[in-house]
Amino acid sequence: MLKVGIIGMGHMGERHINSYKNIDNVEVGAVNDVRISELVNKFDLEGIKTYEKIDDLLNDECIDFVDICLPTFLHKEYTTKALDAGKHVICEKPMAMNVEECDAMIEAQKKSGRFLMIAQCIRFWNEYEILKDYVFQNKFGRLLSLYMLRACEPPSWSWNNWLEQGSKSGGAILDLHVHDVDMVNYLLGKPEAVYSVGANAIKGGGIDILSTQYLYDKDIVVTVDCNWAVEGRFGFEAGFRACFERGTIIFSTKNNPSITIYPKDKDSFVPELETKDAYEKELSYFADCIEKGKEPEIVTPKSARDTIKIVTAELKSIESKEKSLI
Ligand SMILES: NC(=O)c1ccc[n+]([C@@H]2O[C@H](COP(=O)([O-])OP(=O)(O)OC[C@H]3O[C@@H](n4cnc5c(N)ncnc54)[C@H](O)[C@@H]3O)[C@@H](O)[C@H]2O)c1
């Protein structure tokens, strides 16, 4: 049985502690949060150690791996510390605030000989896994165009409102849009260049609304929109429309059923979806890699770093109003 220490018990820490309840080979051994005394009554922490200081958790020899659910501006500092302390690390997306920080994390991982995986959860999301299978296995021939979107209300729910501060979260472009950038990178590899337009809508935020074209050295049109300044009780929407030579796939979290497949010259159908939660699959995959001593392949540190590199080029393009090479 592996023991995990969760660092940061806010929104994602809560999701992850619940996910581990359904993972057979992992037990939550300890949790840490700067405001742990405030949070202890929120969770059932029977048999789980609570630490106010991260170092105390990192020095706990019972802990095999740590799960970092801290605000993004802390990812690099605590991931490198945890690796230096000899722990395997799964760290929430986005990997870090910029490419330099990603490089420092990769350096620490190499030195430590431990595993590092960035929790790019939509690589484990069933609808995106279906899309990946159609792309990788050429089920409908060549992908001609891919449109993705992600949108939500202004993110006012975080600890000390760090999400709405561009200097701490990187704004929607780094925090929310990064999911789709990562999917573009996963499915098609790094583009040659990007052309983005974007704007700031939340005071003190970063780029909160944007649209990007990903330019490849092949005939394909790839566009991603993102907006976390949607007012009204809109909630959240993520989706895609993928057009292939011999069919189309459409997904939206606002549709029911969420995903429909439209083969050319045949009736459309709804594929069977897994019931297992994507977060559970992602955490369970990382634990299995540790148990088997097998380096995680679905999200490598380099690939997560490339995703941040693409986001950086998008920022540059927004600023310069020109296309930016990757
Ligand atoms: N994969 C996803 O779908 C998804 C969704 C939301 C957020 N995230 C990511 O998860 C990470 C955390 O986001 P969140 O929404 O849980 O934020 P949050 O504000 O809800 O929680 C952050 C927690 O970290 C704690 N904290 C802050 N500084 C600390 C420190 N120095 N030591 C210990 N604890 C500290 C805070 O007290 C808080 O409880 C971010 O990187 C975010 O981008 C991922």
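If you're wondering where the values come from, they're calculated on a predicted model, not measured in any experiment. Residues take numbers from 1 onward in each chain, read along the sequence in its written order. pLDDT decides what is reported in this predicted model: residues at 70 or higher carry local features, side-chain atom pairs at 80 or more are listed and counted, and totals for whole chains, interfaces and linings draw on all residues regardless.

For helix H5 (residues 99–112), with 14 residues, the first-to-last C-alpha span of 20 Å sits near the 20 Å given by 1.5 Å per residue. Within H5, burial applies to Glu101, Cys102, Met105, Ile106 and Ala108. Buried positions in H5, seen along its axis, are confined to an arc of 160° and lie on one side of it. More than 90 degrees from the buried face of H5, the exposed residues found are Glu100, Lys110 and Lys111. On the buried face of H5, the contacting elements are helix H4 (75–84), strand E6 (116–119) and helix H11 (301–320). The numbering of helices and of strands both runs from the N terminus, where a helix is a DSSP run of H or I of at least 4 residues and a strand a run of E of at least 2. Directly after H5, the chain includes glycine 113, whose backbone phi takes a positive value near 70°. One less than the number of residues in a helix, times 1.5 Å, gives the span that helix is expected to have. Between the buried cut of 20 or more and the exposed cut of 12 or fewer other C-beta atoms within 10 Å of a residue's own C-beta lies the partly exposed class, and all C-beta atoms are placed from the backbone. Arc definition: it is the arc formed by the directions from the helix axis to the C-beta atoms. What counts as a contact here is a pair of residues whose C-beta atoms, placed from the backbone, lie within 7 Å.

In this section: the site of the ligand. Near, as applied to residues and a molecule or strand, means the residue's backbone-placed C-beta atom lies within 6 Å of it. As a matter of local geometry, the ligand sits amid 25 residues, with Gly8, Gly10, His11, Glu92 and Trp159 nearest to it. Among the elements that line the shell around the ligand, the one with the most residues is helix H1 (residues 11–20), at three residues. Classification convention: Asp, Glu, Lys, Arg as charged; Ala, Val, Leu, Ile, Met, Phe, Trp, Tyr, Cys, Pro as nonpolar; all other residues, Gly among them, as polar. Residues of the shell around the ligand, tallied by class, amount to 13 nonpolar, seven polar and five charged.

Proline 94 follows lysine 93 through a cis peptide bond whose omega is -15°. Here proline 94 shows up in the loop between strand E5 (88–92) and H5. For the bond running from asparagine 256 to proline 257, omega is 0°, close enough to zero to count as cis. Residue position: proline 257 is located in the loop between strand E12 (247–252) and strand E13 (259–263). A positive phi angle, near 60°, is found at lysine 321, a position not held by glycine. Looking at the element boundaries, lysine 321 is found in the loop between H11 and strand E14 (324–325).

Most of strand E2 (residues 26–32) is tucked away: six of the seven residues are buried. Paired strands, in this sense, are two strands between which DSSP finds at least two bridges. Both E2 and strand E3 (residues 49–51) contribute to a ladder of three bridges, which runs parallel. The residue bridging valine 31 from the neighbouring strand is threonine 50, located in E3.

A word on H11. For H11, which comprises 20 residues, the first-to-last C-alpha distance of 29 Å matches the rise-based estimate of 28 Å (1.5 Å per residue) to within 8%. A positive backbone phi angle near 60° is found at lysine 321, which sits one or two residues after H11.

Let's shift gears to the domain arrangement of the protein. Segmentation into domains, and thus their bounds, comes from an automatic or database assignment. On domain assignment, one finds that the protein holds domain 1 (2–119 + 280–295) and domain 2 (123–274 + 307–325). On a C-alpha basis, the centroid separation for the pair domain 1 and domain 2 is 26 Å. Opposite the 16 residues of domain 1 that make contact, domain 2 presents 14 residues. Those elements giving two or more residues to the side of domain 1 that touches domain 2 turn out to be H5 and helix H10 (278–292). Of the residues forming the side of domain 1 that touches domain 2, the biggest block, three residues, is contributed by H10.

Let us now look at the sheet that holds E12. Within the open sheet, the eight strands sit side by side as E13-E12-E11-E7-E10-E9-E8-E14. Their pairing is mixed. Since the sheet does not close on itself, it has two edges, and those belong to E13 and E14, each with one partner. Working convention: axes come from line fits to C-alpha atoms, limited for helices to the stretch in contact. Angles between N-to-C directions cover 0 to 180 degrees. Relative to the sheet, H11 contacts strand E8 (193–199), strand E9 (209–215) and E14, its axis offset from that of E8 by approximately 60°.

Turning our attention to the environment of histidine 179. Within the secondary structure layout, histidine 179 lies in helix H9 (residues 178–188). Judged by C-beta crowding, with 22 C-beta atoms within 10 Å, histidine 179 ranks as buried. Along the backbone, histidine 179 and cysteine 121 are 58 residues apart, and their C-alpha atoms lie at a distance of 7.8 Å.

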